[in-house]
Amino acid sequence: GSGSTSITATGTVTVTGPAGDGIFARNGNTANPDGTDMTVLAANVTGTDDGIDVRNYGSGAVNIITTGTVRGTGNNGIYVNNKGAGLTSVTVSGLVQGGPGVYPATGSGISTVTGAGKSSIITLNAGGVVGNYYGDAISNDAGNSTTTINSGAQVFGKFSMGGGSDSVTFNGGDFTLVSQIDGG
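This section reports on the structure supplied with the text. (Residues numbered from 1 in each chain as written. Predicted model: local features only at pLDDT ≥ 70, side-chain atom pairs only at ≥ 80, totals over all residues. Heavy atoms only, no water.)

Ranked by size, the top nonpolar core spans 29 residues in total, and within it Ile52, Ile64, Ile78, Ile110, Leu124 and Ile138 carry the most contacts. Ile52 has contacts with Ile23, Val40, Ala42, Val45, Ile64, Thr66, Val70, Gly77, Ile78 and Tyr79, leaving out every residue within four places of it along the chain. (Core = buried A, V, L, I, M, F, W, Y, C linked by side-chain atoms within 4.5 Å. Buried < 20%, exposed > 50% of the residue type's maximum accessible area, 1.4 Å probe, protein only. Contact = heavy atoms within 4.5 Å.)

This is the structure:
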């Protein structure tokens, strides 16, 4: 379609089948870049691939806000691929955890794909705990990424920010379990 997409999940979403995303949303595709803004508001989500998987080929922004536990037991806790012109924003105040991925890759707690010259903003608020024991806590590709870990939030694992102009701000958050920060 040509409009915006909005998903609100206030309860628990659990997918138990093989390679299933807890929440999957897509605006258009490469051949038909339909749609505008995408918004996902979620509490507790578990997928056997990604917890939340959002792919925007439309013209708008992507906004994801989670308040509970989000797990991707096979890959990423939250995965965003924004090919649109708008900003990618991910805000969490609960646990977001990735899984082991498919060899040789590993999943991330939060993975954003925005492309060169585009931006993502990741904010961990009080109660937010993001990471992956197997690999990246937070990863981004060639886009510009701004990550803020606020007081009462924690990160475990690696930061793999790829190319672009990236920044990580620990605003009172806990980074004692961060194993590596790779600015790209």
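Let us keep going from here.
This paragraph deals with the pattern of salt bridges. Per the counting criterion, the structure on display carries two salt bridges. Asp53 is paired through a salt bridge with Arg55; the nearest N and O atoms lie 2.9 Å apart. Classification of Asp53 as buried rests on a relative accessible area of 1%. Its relative accessible area of 25% is what places Arg55 among the partly exposed residues. Notably, a salt bridge pairs Asp136 with Lys158, separated by 3.8 Å at the nearest N-O pair. Here the residue Asp136 occupies a position in strand β12 (residues 129–140), and Lys158 occupies one in strand β14 (residues 154–160), the gap between them amounting to 22 residues. The class of Asp136 is buried, set by a relative accessible area of 12%. (Salt bridge = Lys/Arg side-chain N within 4 Å of Asp/Glu carboxyl O. Helix = DSSP H or I, 4+ residues; strand = E, 2+ residues; numbered from the N terminus.)

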